[in-house]
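Structural features, examined
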Amino acid sequence: MTIDDLPIRDDLRGTSPYGAPQLEVAVRLNTNEHAFAVPDEVVDAIAKAVQAELRDLNRYPDRDAAALRADLADYLGHGLTAANLWAANGSNEVQQQLLQAFGGPGRTALGFGPSYSMHPILAAGTGTRWIGALRDPDFGLTPADAVAQVEQHRPDLVFLCSPNNPTGTALDPAVIDAVLAVAPGMVLVDEAYFEYARPGTRSALGLLPGHPRLVVTRTMSKAFGFAGGRLGYLAADPAVVDAVQLVRLPYHLSALTQAAARAALAHRDALLATVDAIKEQRDRIVAELRARGFRVADSDANFVLFEVGGDQRTVWRRLLDNGVLVRDVGLSGWLRVTAGTPAETDAFLGALS
Ligand SMILES: *Cc1c(COP(=O)(O)O)cnc(C)c1O
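Residues numbered from 1 in each chain as written. Predicted model: local features only at pLDDT ≥ 70, side-chain atom pairs only at ≥ 80, totals over all residues. Heavy atoms only, no water.

So, about the packing of aromatic side chains. A complete count under the given rule lists seven aromatic pairs for this structure. An aromatic cluster is present here, built from Phe294, Phe306 and Phe348 joined pairwise through their rings. The side chain of Arg336 reaches across the aromatic face of Phe303, ending 5.4 Å from its centre. (Phe/Tyr/Trp six-rings, centres within 6.5 Å; stacked < 30°, edge-to-face > 60°. Lys NZ or Arg CZ within 6 Å of the ring centre and 35° of its normal.)

Below, the structure is given as structure tokens:
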């Protein structure tokens, strides 16, 4: 019995699930998780918050997650309120809801590769045709190039990713401005790594006033070190929040998730305290690899894309044999490594030698 023996949708036949290997390796630098464990004081706060919900688990959670959305608006600033915010089980779910509401059969979504591999997978799952537009060979994207590709295809949704995964570099803000000016549909900016960006990097949040078709997605999976908690969110015009409510499952965000995320947000200073340490390792990896003669993309994220100068699958395997798991994103000749603790950087650089 295989999938193909089942009456599965024709458009899903022959496709593969998202699958970063989850291997038991000493040094795991392949999925851009925050390297530091949740601090004890935050563990205690989350435990208390979750405990307080347990007696009422016979009841459904707040369907609108109103308190959590207010907390997220407070974190983001930019004059946003709960009406501008929407949350789900990871920003992947938020993006899926956006595709359900604004994409779907007969509609298209466009992204500029190489970029986040989940965007086309989410499009496929929602029956949205994916248009793989391209960056230039050094992974840059100019406003003129972006505009030309959007005007050519006139997609219902444009996916931008800044800082971009897997290249690591934040978009030139002029690209976002230019795409907003010509896109006929929704423009989504995935800012999953924004907290790691280099000083002076502009968030698309500042563009929300006056741009009701702009959506900025964020996540607690990366800088907050909350990947296991599954909490992602968007900021947009309140009408966009109304739209995703047409497709979200009722009670999609459990009472435990809402309580845990609120407790984590209340302790954001403690959680985000290690972001600078990660950025230091990121910059160290970039500098060290360049000193060794590798071509390396500029990084505003907690990972680094570097050229291995040969078959990246061989290098990936050899690193794994040396106890370090990095990511082969399917980009010929390149690998991506997550910036972790100083000891993890030592292990990676040692294994690479
Ligand atoms: C890791 C990542 C996410 C996070 O997804 P969650 O569902 O929030 O865990 C979103 N976008 C990009 C580009 C990522 O790399």
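Don't stop here, the text continues.
Below, the discussion takes up the pattern of salt bridges. Taken as a whole, this structure holds 16 salt bridges when the rule is applied. The residue Asp298 makes a salt bridge to Arg290 at a minimum N-O spacing of 2.9 Å. The partly exposed category is assigned to Asp298, whose relative accessible area is 37%. On the basis of relative accessibility, which here comes to 39%, the residue Arg290 falls in the partly exposed class. Notably, a salt bridge pairs Arg317 with Asp321, separated by 3.8 Å at the nearest N-O pair. Placement of the pair is Arg317 and Asp321 together in helix α11 (residues 312–321), with a separation of four residues, close to one helical turn. What makes Asp321 exposed here is its relative accessible area of 51%. (Salt bridge = Lys/Arg side-chain N within 4 Å of Asp/Glu carboxyl O. Buried < 20%, exposed > 50% of the residue type's maximum accessible area, 1.4 Å probe, protein only. Helix = DSSP H or I, 4+ residues; strand = E, 2+ residues; numbered from the N terminus.)

Our next topic: the packing of helix α10 (residues 275–291) against helix α12 (residues 342–352). Between α10 and α12, whose axes approach to 10 Å, the crossing angle comes to 20 degrees. Regarding the angle of α10 to α12, the classification is roughly parallel. Crossing handedness for the pair α10 and α12: right-handed. Seen from α10, the contacting residues are Gln281, Arg284, Ile285, Glu288 and Leu289; seen from α12, they are Pro342, Thr345, Asp346, Phe348, Leu349 and Leu352. When grouped by side-chain class, the residues that make up the contact of α10 with α12 number six nonpolar, two polar and three charged. (Axes fitted to C-alpha atoms, helices over the stretch in contact; angles between N-to-C directions. Parallel < 35°, antiparallel > 145°, perpendicular 65-115°, else oblique. Left-handed = near helix turned anticlockwise from the far one by under 90°. Contact = heavy atoms within 4.5 Å. Nonpolar A, V, L, I, M, F, W, Y, C, P; charged D, E, K, R; others polar.)

Attention now goes to the sheet that holds strand β2 (residues 85–88). Within a beta sheet, neighbouring strands are joined by backbone hydrogen bonds and run either parallel or antiparallel to one another. Ordered in space as β2-β8-β7-β6-β5-β3-β4, the seven strands form an open sheet in which the pairing is mixed. Pairing within the sheet leaves two strands with one partner each, and these edge strands are β2 and β4 (129–134). On average, each strand axis in the sheet is inclined to that of its neighbour by 25 degrees, with strand direction left out of account. Relative to β4, strand β3 (residues 108–113) runs parallel, the two being bridged by six bridges. Within β4, the residue paired with Ala109 across the bridge is Trp130. (Pairing = 2+ DSSP bridges.)

Moving on to helix α4 (residues 118–125). Turning to α4, its buried residues are Met118, His119, Leu122 and Ala123. Projected onto a plane normal to the axis of α4, the buried residues spread over an arc of 140 degrees and lie on a single side. Each element contacted by the buried residues of α4 is listed here: α3 (91–102), β4, β5 (157–161) and β6 (186–190). Among the residues trailing α4, Gly127 stands out with phi positive, at a value near 70 degrees. (Arc of directions from axis to C-beta.)

On to the layout of surface pockets, then. Taking a probe equal in size to a water molecule and rolling it over the atoms shows the remaining empty space. By volume, the second largest pocket amounts to about 240 Å³. The wall of the second largest pocket is formed by Ile3, Asp4, Ile8, Leu12, Arg13, Gly14, Thr15, Ser16, Pro17, Ile121, Ala124 and Gly125. In the lining of the second largest pocket, the residues fall into six nonpolar, four polar and two charged. (1 Å grid on protein atoms, 1.4 Å probe; cavity = no way out; pocket = protein on both sides within 12 Å on 5 of 7 lines; lining within 4 Å. Points joined across faces, edges and corners; volume = space filled by probe spheres on them.)

The next point concerns empty space enclosed by the protein. Under the definition given, this model contains one cavity of 30 Å³ or more. The volume enclosed by the largest cavity comes to roughly 30 Å³. Around the largest cavity sit Ser162, Leu171, Pro173, Ile176, Glu191, Phe194 and Arg202, which together line it. Looking at the lining of the largest cavity, its residues break down into four nonpolar, one polar and two charged.

What follows is about the site of the ligand. The ligand sits among 13 residues. The nearest are Ser91, Tyr193, Thr219, Ser221 and Lys222. Between an oxygen atom of the ligand and a side-chain N or O atom of Asn92, the distance comes to 3.0 Å. At 2.6 Å from an oxygen atom of the ligand is found a side-chain nitrogen or oxygen belonging to Tyr193. Coverage of the ligand by the protein amounts to 94% of the 380 Å² it exposes when considered alone. (Near = heavy atom within 4 Å. Polar contact = N/O pair within 3.5 Å; in protein donor to acceptor, adjacent residues only side chain to side chain. Areas by Shrake-Rupley, 256 points an atom, 1.4 Å probe, with all protein chains shown as cover.)

Our focus in this paragraph is the side chain of Asn165. Locating Asn165 in the fold gives a position in the loop between β5 and α6 (173–182). A distance of 2.7 Å separates polar atoms of two side chains, one belonging to Asn165 and the other to Arg336. Setting aside chain neighbours within four positions, we find Asn165 in contact with Asn32, Pro114, Ser115, Tyr116, Tyr193, Phe303 and Arg336.

So, on to the domain arrangement of the protein chain. As far as domains go, the protein chain holds domain 1 (21–38 + 273–352) and domain 2 (40–266). Of note, the centres of domain 1 and domain 2, computed from C-alpha atoms alone, are 25 Å apart. Taken together, the 20 residues of domain 1 in the interface contact 22 residues of domain 2. Summed over both partners, the interface of domain 1 with domain 2 buries about 1,900 Å², with 58% contributed by carbon and sulfur atoms. On inspection of domain 1 and its partner domain 2, the count reaches one salt bridge. When the shortest N-O distance is used, the salt bridge between Asp300 and Arg198 registers 2.7 Å. (Domains from an automatic or database assignment. Buried area = accessible area lost by both parts, 1.4 Å probe.)

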